[in-house]
Amino acid sequence: MWNQFFLLEEYTGTDTQYVGKLHTDQDKGDGNLKYILTGDGAGSLFVIDENTGDIHAAKKLDREEKSLYILRAKAIDRKTGRQVEPESEFIIKIHDINDNEPKFTKDLYTASVPEMSGVGIIKTALPDMSRENREQYQVVIQAKDMGGQMGGLSGTTTVNITLTDVNNNPPRFPQSTYQFNSPESVPLGTHVGRIKADDPDVAENAEMEYSIAEGDGTDMFDVITDKDTQEGIITVKQNLDFESKMLYTLRVDASNTHPDPRFLHLGPFKDTAVVKISVEDIDEPPVFSKLYYLIEVDEDVKEGSIIGQVTAYDPDAMNNLIKYSIDRHTDMDRIFSIHSENGSIFTLKPLDRESSPWHNITITATEINNSKQSSHIPVFIRILDINDHAPEFAMYYETFVCENAKPGQLIQTVSVMDRDDPPRGHKFFFEPVPEFPLNPNFTIVDNKDNTAGIMTRKDGYSRNKMSTYLLPILIFDNDYPIQSSTGTLTIRVCACDNQGNMQSCNAEALVLSAGLSTGALIAILLCIIILLVLVVLFAALKRQRKKEPLIISKDDVRDNIVTYNDEGGGEEDTQAFDIGTLRNPEAREDSKLRRDVMPETIFQIRRTVPLWENIDVQDFIHRRLKENDSDPSAPPYDSLATYAYEGNDSIADSLSSLESLTADCNQDYDYLSDWGPRFKKLADMYGGDDSDRD
């Protein structure tokens, strides 16, 4: 029985490797049988001697490529070509030899191990390995076969090991004290400075949070954490004032936000630093004692009265002086003014609550040494009411009374208004005027609700006797001082129906009803229209009339040229008008005929009475005008006359020196020296000795 052969792989001998031998009992050794091999690798890897049946491996075999070959063998009679036995199948197994070293599946391995880790597949050689000291490691691993015995093969690979971070380090400030400066009066939220603690850990293990632990500036400052840079930002929480406090000290903590409970035994995971903040002095504007001022003043206050005061101070150490002023854009009418030194507000004009119950002005406080430093404050001035207006009718009443009215009938209810606003409300009273305490026609009834009813007092009224009644009503209030007024109610007498509805109220309607009819009115209108048409036609005809030509000729008017070249005598021509009389009334001559024209009729020369004794110039001209208007010898057209009369001499003597030659040479001018410096020149000219004047 045979069914398998064995063969070593990787045969390195010079001859072919013998596998085995096939043999059948029918083989007599006479060479009549022939052995044939078929199957895996037959003829290429495995060859058989067809006479003897010996099988050899023609090539070197590798078990790692193929470890088993299946082949079939048969024996054939050479003469007949038939098989002497059935075909047999056998296998050839390749025996393994140690010809391959161990190989890793990857050329390079990468692994990560948390720092401070314990035992694992790859063990740490040192306890508590720190990532902060060294993060990357490279390990070469060798694998041997045959259990590591001699003659075995081996393979290697590289493993890169990274130590991952754990939160095993607390934050630490690089310095224990920080110093910052901040000007006073900076806006809230202003960044004063930045501090940062160092943490060797990375990612979220290095995240930290800053907080103010204690200090005298916990109310004035705050600290926030910058998540991007892990810095602590010191910000202003309250307004700083150099004059109040110049230095603040804070203790700021930096702590991890994600501590690892496994390493809490290493100590507190936070650190503390001291932050000192110095406040710098700057020139600040004045500060008012209040955020706003409310002043109440009576409307009857006198002009120039002080109604209130505002105060401001310089917050700087210099304590500069301050001046006050009113922003005139808020007081365009200049009703108020302010004392520039003490801030007292006083009135410049009368106040009237009814026209302006409130005045809102703005006061400015400015440093005298630095006008750029100023502050503004609103001042609300409320005008308090004073009873200075009398009540009056709320509206105009059109009151009528029926002719058939009965006594005690209500014909009108009147109400009043008052521009004042008393704190207890309005209360008005109605009475007849003292001059007519008892009216025979109407009665005034005070309804005690600020209204009054007008009642009839007699039975029936007649339009023919009296169409209109005037009823004066005395109205007064109850405020202090009491104000009163008299309102007159006009009551017309009207014709009414049985229900009291008014039909007509004027007496003329009775006459018109019996007067012109509608036809007569139409006739009058037609006459007026006809007259208007006639006037229009007359005006149109008058415009169409042609003016009479100056030159009557059949020839063309352009062939007739008339030249006028007469000139007047000019200023030297004194024959046309004799105006010497006006120039000097004393030299007045008798009236003469005009020399510029020759009158057709010679009238009797009219003599006039002299008018120059003690007469005014205006009266003189008017009389001359009247005289010429009534003069029949004057031409019938306008003429120009020049009046140059200066009037009579003044009562005072002339001050001119032009007539000094005719004056008394012995006149004394020494009194000019007593008239003052303005007359010094005249005193020098006329007050000297006779030798000087000569």
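The model shown is predicted, which means the values in this text are computed figures rather than measured ones. (Residues numbered from 1 in each chain as written. Predicted model: local features only at pLDDT ≥ 70, side-chain atom pairs only at ≥ 80, totals over all residues. Heavy atoms only, no water.)

Asks: What is the right way to look at the overall build of the chain in this model?
Replies: A count of helical and extended segments in the chain gives six helices and 35 strands. Relative to its full complement of 694 residues, the chain shows a buried share of 29%. Taking contacts inside the chain between residues at least 6 apart in sequence as the whole, the part at least 24 apart equals 65%. Entry remark: accessible area of the chain is about 47,400 Å², with carbon and sulfur atoms responsible for 52%. (Helix = DSSP H or I, 4+ residues; strand = E, 2+ residues; numbered from the N terminus. Buried < 20%, exposed > 50% of the residue type's maximum accessible area, 1.4 Å probe, protein only. Contact = heavy atoms within 4.5 Å. Areas by Shrake-Rupley, 256 points an atom, 1.4 Å probe, with all protein chains shown as cover.)

Asks: Would you mind showing me how to read the UniProt feature "transmembrane region" (unreviewed entry) in the chain here?
Replies: Per the UniProt record, "transmembrane region" (unreviewed entry) is found at residues 520-541. A distance of 32 Å separates the end C-alpha atoms of residues 520-541, which is 100% helix and 0% strand. (UniProt positions renumbered as here; feature names shortened; annotations may be inferred.)

Asks: Help me out: how do you make sense of the sheet that holds strand β14 (residues 221-226) in this one?
Replies: Backbone-to-backbone hydrogen bonds pair the strands of a sheet. The strands run either parallel or antiparallel. Taken together, the three strands give an open sheet; going across it, the order is β12-β15-β14, and neighbouring strands pair in antiparallel fashion. Each edge of the sheet is formed by a strand with only one pairing partner; in this case those strands are β12 (191-195) and β14. Going across the sheet, the axis of each strand differs from the next one's by a mean of 25°, ignoring polarity. Strand direction decides the pairing type here: β12 and strand β15 (residues 231-236), joined by four bridges, are antiparallel. Residue pairing across strands places Gly193 opposite Ile234, the latter belonging to β15. (Pairing = 2+ DSSP bridges. Axes fitted to C-alpha atoms, helices over the stretch in contact; angles between N-to-C directions.)

Asks: How should I be thinking about the packing of aromatic side chains in this particular structure?
Replies: Given two aromatic rings, their pairing is described by the distance between the two centres and the angle made by the two planes. Evaluated as defined, the whole model comprises twelve aromatic pairs. Summarising the aromatic geometry, the rings of Phe5 and Phe90 are spaced 5.2 Å apart at their centres and angled 85° between planes, so their arrangement reads as edge-to-face. A residue pair is termed long-range when its members are at least 10 positions apart, and Phe5 in strand β1 (residues 4-8) and Phe90 in strand β7 (residues 88-95) qualify at 85 residues. You'll find Phe5 and Phe90 in the same group, each marked buried. The interplanar angle of 25° and the centroid separation of 5.3 Å between the aromatic rings of Phe429 and Phe476 together place this pair among those described as stacked. Linking Phe429 in strand β30 (residues 428-432) with Phe476 in strand β33 (residues 468-477), this pair joins segments that are 47 residues apart in sequence. Accessibility expressed as a relative area gives 25% for Phe429, which makes it partly exposed. Take Phe476: its relative accessible area is 17%, and that puts it in the buried class. Following the ring pairs from residue to residue traces out a cluster consisting of Phe173, Tyr178 and Tyr210. (Phe/Tyr/Trp six-rings, centres within 6.5 Å; stacked < 30°, edge-to-face > 60°.)

Asks: Help me understand the sheet that holds strand β13 (residues 208-215), please; the structure alone is not making it clear to me.
Replies: Spatially, the four strands line up as an open sheet ordered β11-β17-β16-β13, and their pairing is mixed. Here the strands that pair on one side only, and so sit at the sheet edges, are β11 (177-183) and β13. Strand-to-strand twist in this sheet, taken as the mean axis angle between neighbours without regard to direction, amounts to 30°. Where strand β16 (residues 247-256) meets strand β17 (residues 270-280), nine bridges bridge the pair, whose relative direction is antiparallel. Across the sheet, residue Leu247 finds its bridge partner in β17, namely Ser278.

Asks: It is not clear to me how the state of the cysteines should be interpreted in this structure. Could you clarify?
Replies: Working definition: the covalent bond between the sulfur atoms of two cysteines is a disulfide. Evaluated as defined, the whole model comprises two disulfides. In this model Cys402 forms its disulfide with Cys496; the gap between the sulfur atoms is 2.1 Å. The sign of the S-S torsion, about -85°, decides the handedness of the disulfide formed by Cys402 and Cys496: left-handed. A residue pair is termed long-range when its members are at least 10 positions apart, and Cys402 in strand β28 (residues 399-402) and Cys496 in strand β34 (residues 484-496) qualify at 94 residues. The pair formed by Cys402 and Cys496 is uniform in burial state, with each residue classed as buried. Here Cys494 is linked by a disulfide to Cys505, with a sulfur-sulfur distance of 1.7 Å. Taking the sign of the S-S torsion, about 110° here, the bridge from Cys494 to Cys505 comes out right-handed. (Disulfide = S-S within 2.5 Å.)

Asks: Can you walk me through the side chain of Asp477 in this structure?
Replies: Relative to the helices and strands, Asp477 resides in strand β33. For the buried Asp477, no salt bridge exists, and the shortest N-O distance to an oppositely charged side chain is 9.3 Å, to Arg424. Among the polar contacts listed, one links the side chain of Asp477 to the side chain of Asn387, at a separation of 3.1 Å. Here the side chain of Asp477 touches Gln483 through a polar contact of 2.9 Å, landing on its backbone nitrogen. When neighbours within four sequence positions are excluded, Asp477 is seen to be in contact with Asn387, His389, Pro391, Asp418, Lys427, Phe428, Phe429, Ile482 and Gln483. (Lys, Arg positive; Asp, Glu negative; His and termini not counted. Salt bridge = Lys/Arg side-chain N within 4 Å of Asp/Glu carboxyl O. Polar contact = N/O pair within 3.5 Å; in protein donor to acceptor, adjacent residues only side chain to side chain.)

Asks: Is there a simple way to think about the confidence of the model for the chain in this case?
Replies: Keep in mind that low pLDDT regions are not for reading the predicted coordinates in detail. In this model, the chain carries a mean pLDDT of 79, and residues with pLDDT of at least 70 account for 77%. Throughout residues 600-609 the model reports pLDDT below 50, and contacts reaching past four residues in sequence, or to other chains, amount to eleven contacts. (pLDDT = per-residue confidence, 0-100.)

Asks: Is there a simple way to think about the pattern of salt bridges in this case?
Replies: Per the counting criterion, the structure on display carries 14 salt bridges. Put simply, Arg194, Asp226 and Glu231 are held in one network by salt bridges that share partners.

Asks: Teacher, can you tell me more about the side chain of Asp271 here?
Replies: Note that Asp271 resides in strand β17. One buried charge, Asp271, has no salt-bridge partner; the nearest side chain with opposite charge is Arg172, at 4.9 Å. Reaching out from Asp271, the side chain makes a polar contact with the backbone nitrogen of Phe173 at a distance of 2.8 Å. Not counting residues up to four positions away in its chain, the partners in contact with Asp271 are Pro171, Arg172, Phe173, Val252, Asp253 and Ala254.

Asks: Would you mind showing me how to read the nonpolar core here?
Replies: Here is a general trend for soluble globular proteins: nonpolar side chains tend to be buried in one another's company. One finds Phe173, Ile195, Tyr210, Phe221 and Val275 to be the most contacted residues of the largest nonpolar core, which totals 23 residues. When residues of this core are traced back to their parent elements, those giving at least two are β11, β12, β13, β14, β15, β16 and β17. Those residues within four positions of Phe221 in sequence are excluded, and the remaining contacts are Val192, Ile212, Ile234, Thr235, Val236, Lys237, Leu240, Tyr248, Leu250 and Ile277. If you look at the next biggest cluster of nonpolar residues, it comprises 22 residues, including Val310, Ala365, Ile377 and Val379. (Core = buried A, V, L, I, M, F, W, Y, C linked by side-chain atoms within 4.5 Å.)

Asks: Teacher, can you tell me more about the pairing of strand β31 (residues 442-446) here?
Replies: The side chains of a regular strand alternate, first on one face of the sheet and then on the other. Of the two faces of β31, only one is covered, namely that formed by Phe442, Ile444 and Asp446; the face formed by Thr443 and Val445 stays uncovered. Sheet topology note: the β31/strand β32 (residues 451-456) ladder contains five bridges and is antiparallel. Counterpart to Ile444 in the pairing with β32 is Ile454. Linking β31 back to β32 in an antiparallel pair, the connection comprises four residues, with Lys448 at a positive phi of about 65°.

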